[in-house]
Amino acid sequence: MATEGFYLGGEIDGATGDRTEQLVSYDPSDLTTHGVIVGMTGSGKTGLGIIYLEEALLAGVPTLILDPKGDMTNLMLTFPDLAPKDFEPWIDEAEARKEDKTVPELAAEKAALWSKGLGWWDQDGSRIQELRDKAGFTIYTPGSEAGVPLNIIGSLACPDISWDDEAETLRDEIEGFVSGLLGLVGIEADPISSREHILLANLVEHAWRAGRDLDMATLLAEIQRPPIRKLGVFEVDTFFPEKDRLALAMKLNGLVASPAFSSWVQGPDLDIETLLWKDGKPQAAIVYIAHLSEEERQFVTTLILSKVITWMRTQAGSGDLRALVYMDEVFGFVPPTAEPPAKKPILTMLKQARAFGVGMLLSTQNPVDLDYKAMSNAGTWCIGRLQTERDKARILEALQSARGDTDVGELNRTISGLAKRQFLLHNTHEPEPILFTTRWALSYLRGPLTREQISTLSDYTAPEPSTAPPAKQPAEAKSPEPALASNETPVMPKVAANVPVYHLSSDAPWADRFEVAADSSRFRAALAARVNLTYDERVAKLVHQEEWEAVVTPLDSRFDADVAIYVDYDDRDFSAATPEDATYLIPEGAIDKSTYWKSAETAIKEFLYRGQKISIFKNAALKMYSRAGEAQEAFLARCDEAAQAKADTEAAKLRDKYERRFTTLRNQIATAERRAEEIEVDLQGAKQKEIIDGASSVINILLGRRSTRSVTGSARNRGATRSKEARLRTAQAKAGDKYAELQDLETDLVEELEEINDRWEDRANEINEVEVGLEKTDIQIEEAALVWLPVDG
């Protein structure tokens, strides 16, 4: 391994898909124009993101990592000794049981796999040790004590920058904080028109302009008794009456009074410089937000990125990469139409961070949810396998915006052929895109860690809780609970061990296909399945993998996979939290028995085995098959190319056969022409002699020198001349016949060549559609989970 810059992997041959000897080295300064990683689930985008972060840390560049899914916590799992005992605590027991292995056995396999995988890329445990020596790693868990808690809203310290020079930056930070805070209490506030937002933003700006820090207690008090008289041209009490301000303060006080709020004000203060550097070492500051609600994620992301912008404004300009901000899943944060709180600081960084040497790298599996006009600021795109043609179209649109000379057609073909862990690196700093496969990650890619697992990686000790009682809200009278039907229960029915249990999120994009009632507290059971399918056809040399996801409801006593409805779901569509005051419909199926779930998996496999197929095209004459998903026009073009090659081969043999006959005729023509020329020369000589002899004879007779017999001799000469003329005509006719034979032969050759081309052209078009099914061994169920769907009462 010898590369300059970030070692991402190795180039691959676009024609064969094989890895070449050329390694891929990425100039880290190119990340100051930011980057985007896109790819469907299973494309390897998480691994590529971790590789970028590993390389940044090895290069001495600190990283701030926003982790909405929990995958980035794998950066903590680095084992220089590559010993099975190091892997063992992180082995999934369910995976071990599924593979009929003990946890130690599977740990040994993983250790051997990681050692071998690193070796493929000229890496070993020494490079892992180098990573651990050069950088520090911390998992921050705002709103939780699982990792290191982060004091997100406990202190609104006044930033140490000038209002005269950076008023816009400071107002952006205030806007981010206020938008996120109001979102936590369910207020969607427009900074321009919302009176709640306008009041809070003015209160914070008033304090900061005076150089005064704020905390939540002080802010709540100032809401009720503002230290300012006017908002715009109106008196405060006119713009926002006291009664309404008290209601806002009470709502925010409910947040502060919640026992869960204490974790939001514990831990170190949110200071970007401290997060990025510690004891002179660059840090991997992993901000884990997978456990938070959507509103809380928006709040944390908005506030952190606003702080980053304020921090970077205090730095000197730089063309080198000073720090890298990475977000593992940007879905919902930069949508094309809506304006969630986090969108503004993300777009601000994409437009302005370059001047300060701060790079932003975003990752997503939902490319259609990105604001591509804004994303055109990104100079680096790493494109992996995509789920739909719509996804691909949006990516191509973004690439064309980022770089006008992009060959969209060529990129389209390249992206369509990508396999797992293969990416197209499109860098506006380089002349051509690069097709590459990622190197082996130094970190053990175990998958998302739970909060319990994160707690074992953290040495943070929470302070003793305060003895002061929390603030209380006035109690509200509850209406009596309605009577339950015989098939309902207020307690969630028991579920078999090791079966994941979720509640459907109200914003799941496919929820309306099941007639759910988003605000209902009454739930019906469903099974959500994720299945990996491998279509394997030996004759066609086809190995094609797909992910099949579906939801099945109701769960009857006999599981019926035929009612499955295909959906494209991911973890954001489900919540592990149990709603309050929920009522559950008791399903007929024995969901508390593992045998029911095994029978469900068997039924799903049988259903897919019977009915799930893909279609490909076949050309029997050419013994060719299309690739999975290849358009008919593209396959016809390949068949035409192959048929033309076969026609050329057959035509070459035909030309060889005719060439011998052509050579013979040409030789015969040359001989005939030569004979005719010889006779013609002889004839010319005879004619001249005849004329001279004839003239001499007449003169001599007239002069009396010779007898009349000389005239007879002249007549004989004329007879010889006429004989030669006849032979000349015969020779010329023979040459003409040979020329005619040559023309006929050329005509025969052209006709046979046309027949060959026509025949192979017809064969190229002789295609038909064939179906490729599944073997039962090609169907692997990755997940079968219980999902509670909200339904009308």
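All figures in this text were calculated on a predicted structure; none of them were measured in a lab.

So, the overall build of the protein chain
Thinking step 1. Across its full length, the protein chain holds 20 helices and 25 strands.
Thinking step 2. Relative to the globule expectation of 28 Å for 793 residues, the C-alpha radius of gyration of the protein chain, 42 Å, shows a markedly less compact shape.
Thinking step 3. Taking the principal axes of the C-alpha coordinates as reference, the protein chain spans close to 165 × 70 × 60 Å.
Thinking step 4. For the protein chain, buried positions account for 48% of its 793 residues.
Thinking step 5. Accessible surface, the protein chain: about 39,500 Å² in total, of which carbon and sulfur atoms supply 48%.

What to know about the nonpolar core
Thinking step 1. Core analysis: the biggest nonpolar cluster contains 95 residues, and L64, F177, L219, I346 and W381 have the highest contact counts within it.
Thinking step 2. When sequence neighbours within four positions are dropped, the list of residues in contact with L219 reads L156, F177, L181, L200, L203, V204 and L214.

Focus on the pairing of strand 5 (residues 136-140)
Thinking step 1. Burial analysis of strand 5 places five of its five residues in the buried class, the great majority of the element.
Thinking step 2. Here strand 5 shows two buried faces, one formed by G136, T138 and Y140 and the other by F137 and I139.
Thinking step 3. Two strands pair when backbone bridges link them, and strand 5 and strand 9 (residues 281-288) are joined in this way by five bridges, in the parallel orientation. In the strand pairing of strand 9, G136 is matched with Q283.

A few points about the pattern of salt bridges
Thinking step 1. What the rule picks out here adds up to 36 salt bridges.
Thinking step 2. With its nearest N and O atoms 3.9 Å apart, the salt bridge here joins R530 to E547. Residue R530 is located in strand 17 (residues 522-537), and its partner E547 is located in strand 18 (residues 542-552); the two are separated by 17 residues in the primary sequence.
Thinking step 3. By relative accessible area, which is 9% here, R530 ends up buried.
Thinking step 4. Take E547: its relative accessible area is 17%, and that puts it in the buried class.
Thinking step 5. For E630, the salt bridge goes to R627, with nearest N and O atoms at 3.5 Å.
Thinking step 6. Judged by its relative accessible area of 51%, R627 falls in the exposed class.

Section: the environment of E95
Thinking step 1. In this fold, E95 is placed in helix 3 (residues 93-98).
Thinking step 2. Residue E95 is classed as partly exposed on the basis of its relative accessible area, which comes to 26%.
Thinking step 3. Taking the C-alpha atoms as reference points, E95 and S723, 628 residues apart in sequence, are found 107 Å from one another.
Thinking step 4. If sequence neighbours within four positions are ignored, E95 has contacts with L106 and K110.

Regarding the sheet that holds strand 24 (residues 768-772)
Thinking step 1. On the basis of which strands lie adjacent, the open sheet formed by three strands has the order 23-22-24 and antiparallel pairing. Strand pairing shows two members of the sheet lacking a second neighbour, strand 23 (624-625) and strand 24, which therefore form its edges.
Thinking step 2. The pairing of strand 22 (residues 614-619) with strand 23 spans two bridges and is antiparallel. Bridging across to strand 23, N619 finds its partner in M624.

What about the pairing of strand 22?
Here is the key point about a regular strand: its side chains alternate between the two faces of the sheet.
Thinking step 1. Relative to strand 24, strand 22 runs antiparallel, the two being bridged by five bridges. Each residue of the ladder has a partner; that of I616, found in strand 24, is V770.
Thinking step 2. Linkage of strand 22 to strand 23, two consecutive antiparallel strands, is achieved through a turn of four residues, within which K623 is found at a positive phi near 55°.

Looking at the packing of aromatic side chains
Thinking step 1. Applying the stated criterion to the full structure yields 23 aromatic pairs.
Thinking step 2. Look at Y7 and W121: their rings are 6.5 Å apart centre to centre, the planes differ by 65°, and that puts the pair in the edge-to-face class. You can see Y7 sitting in strand 1 (residues 6-12) and its partner W121 sitting in the loop between helix 4 (103-120) and helix 5 (125-134), a full 114 residues away along the chain. Accessibility assignment for this pair places Y7 and W121 in one class, buried.
Thinking step 3. An aromatic cluster of at least three residues, connected via ring pairs, comprises F79, F87, W114, W120, W440 and Y444.
Thinking step 4. The ring of Y658 has R661 sitting right over it, with the charged end atom 5.5 Å from the ring centre.

A closer look at the packing of helix 6 (residues 163-184) against helix 7 (residues 195-209)
Thinking step 1. At their nearest, the axes of helix 6 and helix 7 sit 9 Å apart, and the two run at 135° to each other. With respect to each other, helix 6 and helix 7 are oriented oblique. Seen along the crossing, helix 6 lies across helix 7 with a hand that is right-handed. On helix 7, the residues that touch W163, L170, R171, E173, I174, E175, V178, S179 and L182 of helix 6 are E196, H197, L200, A201, V204, E205, W208 and R209.
Thinking step 2. Looking at side-chain class alone, the contact of helix 6 with helix 7 contains nine nonpolar, two polar and six charged residues.

Regarding unusual backbone geometry
Thinking step 1. Cis geometry marks the peptide bond from T553 to P554, where omega comes out at 0°.
Thinking step 2. Its identity as a non-glycine residue notwithstanding, K541 has a phi of 55°, on the positive side.
Thinking step 3. Within the element layout of this structure, K541 appears in the loop between strand 17 and strand 18.
Thinking step 4. K541 sits in the exposed class, given a relative accessible area of 80%.

A short note on helix 5
Thinking step 1. If you check which residues of helix 5 are buried, you get G125, R127, I128 and L131. Taken end-on, helix 5 shows its buried residues confined to a sector of 160°, consistent with a single buried face.
Thinking step 2. Structurally, helix 5 contributes buried residues whose contacts are with strand 1, helix 1 (45-58), helix 4 and strand 5.

Quick look at the confidence of the model for the protein chain
Atomic detail in the predicted coordinates should be set aside for any region of low pLDDT.
Thinking step 1. Residues of the protein chain with pLDDT of at least 70 account for 90%, and the chain-wide mean is 86.
Thinking step 2. In the model, residues 460-481 has pLDDT below 50 throughout and makes 18 contacts with residues more than four positions away in sequence or in other chains.

Digging into helix 13 (residues 343-352)
Each turn of an α-helix holds 3.6 residues, which means side chains three or four residues apart point in the same direction.
Thinking step 1. Counting buried positions along helix 13 yields seven of ten residues, so the element is predominantly enclosed.
Thinking step 2. For helix 13, the full list of buried residues reads K343, P345, I346, L347, T348, M349 and L350.

A look at the side chain of R522
Thinking step 1. Within the secondary structure layout, R522 lies in strand 17.
Thinking step 2. A distance of 2.6 Å separates a polar atom in the side chain of R522 from a polar atom in the side chain of E488.
Thinking step 3. At 2.7 Å, the side chain of R522 and the backbone oxygen of D792 are in polar contact.

Re a negative patch on the surface
Thinking step 1. Negative charge collects at one region of the surface, where D640, E641, D744, D748, E751, E752, E754, D758, E761, D762 and E766 lie side by side.
Thinking step 2. Only helix 19 (632-703) and helix 20 (709-764) provide two or more residues apiece to the negative patch.
Thinking step 3. When residues of the negative patch are assigned to their parent elements, the largest contribution, eight residues, is made by helix 20.
Thinking step 4. Turning to its location among the elements, E641 is positioned in helix 19.
Thinking step 5. Residue classification places E641 among the exposed residues on the basis of a relative accessible area of 59%.

Focus on the packing of helix 12 (residues 294-312) against helix 13
Thinking step 1. For the pair helix 12 and helix 13, the least separation of the axes is 9 Å and the interaxial angle reads 30°. Regarding the angle of helix 12 to helix 13, the classification is roughly parallel. Crossing geometry of helix 12 relative to helix 13 is assigned as left-handed. Taking contact as the criterion, the partners of T302, L305, S306, V308, I309 and M312 in helix 12 are, on helix 13, P345, I346, T348, M349 and Q352.
Thinking step 2. Of the residues in the contact of helix 12 with helix 13, the class split is seven nonpolar, four polar and no charged.

Overview of the environment of P62
Thinking step 1. Tracing the sequence through the fold places P62 in the loop between helix 1 and strand 4 (63-67).
Thinking step 2. Separated by 261 residues in sequence, P62 and A323 have C-alpha atoms that sit 5.2 Å apart.
Thinking step 3. P62 has contacts with L57, L276, W277, P282, Q283, R322, A323 and L324, leaving out every residue within four places of it along the chain.

Cut-off values and rules
Residues numbered from 1 in each chain as written. Predicted model: local features only at pLDDT ≥ 70, side-chain atom pairs only at ≥ 80, totals over all residues. Heavy atoms only, no water. Helix = DSSP H or I, 4+ residues; strand = E, 2+ residues; numbered from the N terminus. Rg over C-alpha atoms; globule rule 2.2 N^0.38 Å. Buried < 20%, exposed > 50% of the residue type's maximum accessible area, 1.4 Å probe, protein only. Areas by Shrake-Rupley, 256 points an atom, 1.4 Å probe, with all protein chains shown as cover. Core = buried A, V, L, I, M, F, W, Y, C linked by side-chain atoms within 4.5 Å. Contact = heavy atoms within 4.5 Å. Pairing = 2+ DSSP bridges. Salt bridge = Lys/Arg side-chain N within 4 Å of Asp/Glu carboxyl O. Phe/Tyr/Trp six-rings, centres within 6.5 Å; stacked < 30°, edge-to-face > 60°. Lys NZ or Arg CZ within 6 Å of the ring centre and 35° of its normal. Axes fitted to C-alpha atoms, helices over the stretch in contact; angles between N-to-C directions. Parallel < 35°, antiparallel > 145°, perpendicular 65-115°, else oblique. Left-handed = near helix turned anticlockwise from the far one by under 90°. Nonpolar A, V, L, I, M, F, W, Y, C, P; charged D, E, K, R; others polar. Arc of directions from axis to C-beta. pLDDT = per-residue confidence, 0-100. Polar contact = N/O pair within 3.5 Å; in protein donor to acceptor, adjacent residues only side chain to side chain. Patch = residues over 30% accessible without salt bridge, like charges linked within 9 Å, V, L, I, M, F, W, Y side chains within 5 Å. Lys, Arg positive; Asp, Glu negative; His and termini not counted. Charge placed at Lys NZ, Arg CZ, Asp CG, Glu CD.

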